[in-house]
Amino acid sequence: MDRNRVTRSNKQSKCDSVGAYYRIFRRLASLRRRTAVPPAHAHRKHVLRAIAMYIEPAAFRASSAESLAVSETPPAVWIQCLPSPLFAGKKAPLKTYEEVQPLLQQGRKRDLKILIRENSWPINSAVRASLWPALCKQHQHGKSMLDGFYWDMVTQVFGTVELPDKPIMLPPFVEATHCLGYHLTRKGRAVADRVVSVLGYACPDITYSPSLYPITAALLHFMPEEECYHCMASLVASKEKMFITQTKLLNEVTWKTVMQIAKKHAKSAAQHLSRLSGAIGPERIYADWQWWILAALPFPHLVRVLDCFFHEGIKVFYRVALAILILFHKHSTNQNSEWYAEATKNGVDHAVDKFCRNMPASPTKLLRTAFSIRALSSQYISRVFIKTEMTLKSKQVITGSRLVRSRSSDNLPTSQSQVNIQMMSHTLTIRERMSEETCKQMLFTLWSWLPVRITMYQPVLLYTTEEHGCSLTTFYVRVEHHEPTLLMIKTCNNEVFGAYCSTRWFERNQKDERGNRQAYFGTGETFLFSLYPERAKYPWVGCSANADGKGEERVAHGSELFMAADSKMITIGGGDGQAIWMDENIRFGKTDRCSTFNNPPLCPSGDFEIRVLEVYGFSGA
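Bear in mind that the values here come from a model prediction, so they are computed numbers and not experimental data. (Residues numbered from 1 in each chain as written. Predicted model: local features only at pLDDT ≥ 70, side-chain atom pairs only at ≥ 80, totals over all residues. Heavy atoms only, no water.)

Asker: Would you mind showing me how to read the pairing of strand 1 (residues 458-464) here?
Answerer: Consecutive side chains along a regular strand alternate between the two faces of the sheet. Taken across its seven residues, strand 1 has five buried, putting it largely inside the fold. Bridge count for strand 1 against strand 10 (residues 607-619) is six bridges, and the pairing is antiparallel. Bridge assignment links T464 to a residue of strand 10, and that residue is E614. (Buried < 20%, exposed > 50% of the residue type's maximum accessible area, 1.4 Å probe, protein only. Helix = DSSP H or I, 4+ residues; strand = E, 2+ residues; numbered from the N terminus. Pairing = 2+ DSSP bridges.)

Asker: I would appreciate a short explanation of the packing of aromatic side chains in the present structure.
Answerer: Aromatic rings considered in pairs are described by the distance between their centres and by the relative angle of their planes. Taken as a whole, this structure holds 22 aromatic pairs when the rule is applied. Note on W449 and F529: the rings are 6.3 Å apart at their centroids and 40° apart in plane angle, and the pair reads as tilted. You can see W449 sitting in helix 25 (residues 436-449) and its partner F529 sitting in strand 4 (residues 527-532), a full 80 residues away along the chain. Like F529, W449 is buried. Taken together, the ring pairs connect W132, F222, F243, F309, F310 and F317 into an aromatic cluster. Directly above the ring of F371 sits R117, whose terminal nitrogen or CZ lies 3.7 Å from the centroid. Geometry around F222 places R128 over its ring, the cationic atom sitting 5.6 Å from the centre. (Phe/Tyr/Trp six-rings, centres within 6.5 Å; stacked < 30°, edge-to-face > 60°. Lys NZ or Arg CZ within 6 Å of the ring centre and 35° of its normal.)

Asker: I keep staring at the pattern of salt bridges and nothing clicks. Help me out?
Answerer: Opposite charge on two side chains lets them pair, provided their charged atoms get close. Under the defined criterion, the tally for this structure stands at 17 salt bridges. With a shortest N-O distance of 3.0 Å, D111 and R108 are connected by a salt bridge. Residues E480 and R508 are paired through a salt bridge, measuring 2.7 Å at the closest nitrogen-oxygen approach. Highlighted residues: E480 in the loop between helix 27 (472-479) and strand 2 (485-491) and R508 in the loop between strand 3 (496-501) and strand 4, separated in sequence by 28 residues. What makes R508 buried here is its relative accessible area of 13%. Residues participating in the shared-partner salt-bridge network are R117, E312 and K315. (Salt bridge = Lys/Arg side-chain N within 4 Å of Asp/Glu carboxyl O.)

Asker: In this structure, what is going on with the pairing of strand 7 (residues 569-572)? I would like to understand it.
Answerer: Along strand 7, one buried face is formed by M569 and T571 and the opposite face, lined by I570 and I572, is buried too. Two strands pair when backbone bridges link them, and strand 6 (residues 563-565) and strand 7 are joined in this way by three bridges, in the antiparallel orientation. When the sheet's bridge partners are listed, A565 is paired in strand 7 with I570. Connecting strand 6 to the next strand, strand 7, in antiparallel fashion are three residues. The pairing of strand 7 with strand 8 (residues 580-583) spans four bridges and is antiparallel. Of the residues in strand 8, the one forming a bridge with T571 is W581.

Asker: Explanation requested: the nonpolar core in the structure shown.
Answerer: A general feature of soluble globular proteins is that nonpolar side chains tend to end up buried together. Among the nonpolar cores identified, the biggest contains 113 residues, and W132, Y286, W289, W292, I293, F310 and V320 are the most heavily contacted of them. When residues in this core are grouped by element, the largest group, 11 residues, is from helix 18 (residues 315-332). What I293 contacts, discounting residues up to four positions off in sequence, is L302, V305, F317, V320, A321 and I324. In this structure, L472, I489, F521 and V615 belong to the second largest nonpolar core, which totals 38 residues. (Core = buried A, V, L, I, M, F, W, Y, C linked by side-chain atoms within 4.5 Å. Contact = heavy atoms within 4.5 Å.)

Asker: Where do I start with the side chain of T485 in this structure?
Answerer: Residue placement: T485 occurs in strand 2. Polar side-chain contacts of T485 include one of 3.5 Å to the side chain of W505. Every residue in contact with T485, bar those within four places of it in the chain, is listed here: L462, V479, A499, Y500, C501, W505, V615 and Y616. (Polar contact = N/O pair within 3.5 Å; in protein donor to acceptor, adjacent residues only side chain to side chain.)

Asker: Explain unusual backbone geometry to me, please; I cannot follow it from the model alone.
Answerer: Residues apart from glycine generally show negative phi values, whereas peptide bonds are mostly found in trans. Going from E483 to P484, the amide bond is cis rather than trans, its omega being -5°. As for its placement among the helices and strands, P484 is situated in the loop between helix 27 and strand 2. Here the amide bond leading from Y532 into P533 is cis, since omega sits at 5°, within 30 degrees of zero. Among the secondary structure elements, P533 is positioned in the loop between strand 4 and strand 5 (536-538). Of note in this structure, N598 is not a glycine but carries a positive phi near 50°. One can find N598 in the loop between strand 9 (588-590) and strand 10. On the basis of relative accessibility, which here comes to 47%, the residue N598 falls in the partly exposed class.

Asker: Would you explain the packing of helix 18 against helix 21 (residues 363-371) in this entry?
Answerer: The relative placement of two packed helices comes down to the angle between their axes together with the axis-to-axis distance. Here helix 18 crosses helix 21 at 105°, and the two axes come no closer than 8 Å. Between helix 18 and helix 21, the angle falls in the class roughly perpendicular. Residue-level inspection shows V316, R319, V320, A323, I324, I326, L327 and K330 of helix 18 in contact with helix 21, the latter providing K365, L366, L367, T369, A370 and F371. Residues belonging to the contact of helix 18 with helix 21 are distributed by class as follows: 10 nonpolar, one polar and three charged. (Axes fitted to C-alpha atoms, helices over the stretch in contact; angles between N-to-C directions. Parallel < 35°, antiparallel > 145°, perpendicular 65-115°, else oblique. Nonpolar A, V, L, I, M, F, W, Y, C, P; charged D, E, K, R; others polar.)

Asker: Sorry if this is basic, but what is going on with the confidence of the model for the protein here?
Answerer: Segments scoring low in pLDDT should not have their predicted coordinates read at a detailed level. Per-residue pLDDT for the protein has a mean of 79; in total, 73% of the residues score no lower than 70. Counting interchain partners and residues more than four positions distant, the pLDDT-below-50 stretch residues 28-43 has 10 contacts. Here residues 397-411 scores under 50 on pLDDT; set against residues more than four positions off or in separate chains, the count is 27 contacts. (pLDDT = per-residue confidence, 0-100.)

Asker: How should the environment of Q246 be read in this particular structure?
Answerer: Mapped onto the secondary structure, Q246 falls in the loop between helix 12 (225-237) and helix 13 (248-265). It is 7.9 Å that separates the C-alpha atoms of Q246 and D205, two residues lying 41 residues apart in sequence. Once residues lying within four places of it in the same chain are set aside, the contact partners of Q246 are D205, I206, T207, Y208, S209 and V236. Of the polar contacts made by the side chain of Q246, one reaches the backbone oxygen of V236; its length is 3.0 Å.

Asker: What is the right way to read the environment of V303 from this model?
Answerer: Following the sequence through the fold, V303 ends up in helix 17 (residues 299-312). Taking the C-alpha atoms as reference points, V303 and P363, separated by 60 residues in sequence, lie 8.9 Å from one another. Once residues lying within four places of it in the same chain are set aside, the contact partners of V303 are I123, R128, W132 and F222.

Asker: Which parts of the structure should I look at to understand helix 18?
Answerer: Because the α-helix completes a turn every 3.6 residues, residues three or four places apart line up on one side. Helix length check: helix 18, at 18 residues, gives a terminal C-alpha distance of 26 Å against a target of 26 Å (1.5 Å per residue), a fit within 8%. Most of helix 18 sits inside the fold, with 14 of its 18 residues counted as buried. (Expected span 1.5 Å × (residues − 1).)

Asker: What exactly am I supposed to notice about the packing of helix 11 (residues 212-219) against helix 12 here?
Answerer: Direction vectors running N to C along helix 11 and helix 12 enclose 140°, while the axes themselves pass 10 Å from each other. When the axes of helix 11 and helix 12 are compared, the pair comes out oblique. Crossing hand, helix 11 versus helix 12: right-handed. Contacts between helix 11 and helix 12 involve L212, I215, T216 and L219 from the first element and C228, C231, M232, L235 and V236 from the second. Counted by class, the contact of helix 11 with helix 12 contains eight nonpolar, one polar and no charged residues. (Left-handed = near helix turned anticlockwise from the far one by under 90°.)

Listed below in structure tokens is the structure:
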């Protein structure tokens, strides 16, 4: 009897302990419900209520099982307040915006990147009402927009801030077939139309940007109209990272970049896709790469991708595209699989699209696959992107003295810009020996050699020896913080040549890990040119491997010496010679063949005396 009494007593004690824990949980939950909402949370709830009229209820009913599971778990405060062994091995609670904000304020980009990747906030989380605007704001270029700026623009474009009853005519850079609404109501679509239209009015340099509308529509799920515009303006104007392509050429560069990096970092998946593509070829499949993400992925997946995208840029889309290929390969390798049958019956392009719409992986698994691809660095992606752009550009540029204009006149300098350059420039005009028509052809030639994104900006004369004197010190003061710059030299023998310099001259002061000044700096976008008496462009030799279809071929260190400078001289191009060298008085120089550009001497004698040196920047670049 005593032993039974003790056993019952122990059982009762354990039950009382469990019951105590349960009562504590209930009590904490009750207190949590009665506690006033902090101001930041209150603001987010107010914002979400304000934009709820834009979104159809189906948007949140479409949540994945993973998203719903997060929202149905007990309040995170239980786990935070009771660090008990009962919760060992459980996932850490999702971070609030208040926990993310210090990383933004302190500029801890790497820590912020890891945090965003690891926190799978549910689709209806209020955190994005504050997080997304803050992420976009960190990329803005120049001064912040004043309050009310957007509504002033709306009034200027439409004459009123009231939404019009009739459909808004969208800018020509929008693709009508890809104006994705993501469950926005009719009013929400009208708001998205208005934001995109005002962006088109404020950014006339955008000529083709099909992804701009879908990203705008996604932003409107989590913020009001004015804040959405500010976010989009920051992404469009970003200099440090690319988010949204704005020309047809750059749009083509992106899918060719995906195809190139897939061949190296998702080799088996790329070969599988190529085999399935058959007669149509893989190019057609890759051309739709961004629509795998923006149009086909379920909305909860897209929102998690955008969490990372707004911080890290377009490289997130590249990684997710490769992850989709890897997962598609995994699920369609077996010839008895549903996706193999779909690819053989309806074509691999339809199969990939349908696969994305029925994505078998959760948002977390998709991102984990994307970010587990090894050695796919931002530097490598940038290098492939630049090579691809320059290869495409080289097909549109003149050979010899004949100009082939295959691009739209939108990318040529405006008539006013031509006048400005010719009025300012002694170097380009060479008035005493050259006709106006010849000068114009030289200008078009030079303009066609520039990266497309730079042709959108107005050239500005930063330095000329005619006005600012022959001093390297003055040169640095007026030029060193501008990027990119265009140097043009006219010799006393009237030869005209120069260089497009992709990097700031201020980089000459940067030091390496050992504290030593780096001798050379710059990127593969740098190139040499000659305009008179012959016209020729000499790009970086690293571009030739890609142009010849040899892929990612490592060039020697001596062929990556782009720019160098100190208090005594300026050099452009190195390795077995210097393409352009000028002394500290900007009076004498020399030119040789160099390994970086594989150029001949830019003037016959090799040595030259400088008659005029002019340096141009690009307003807004």
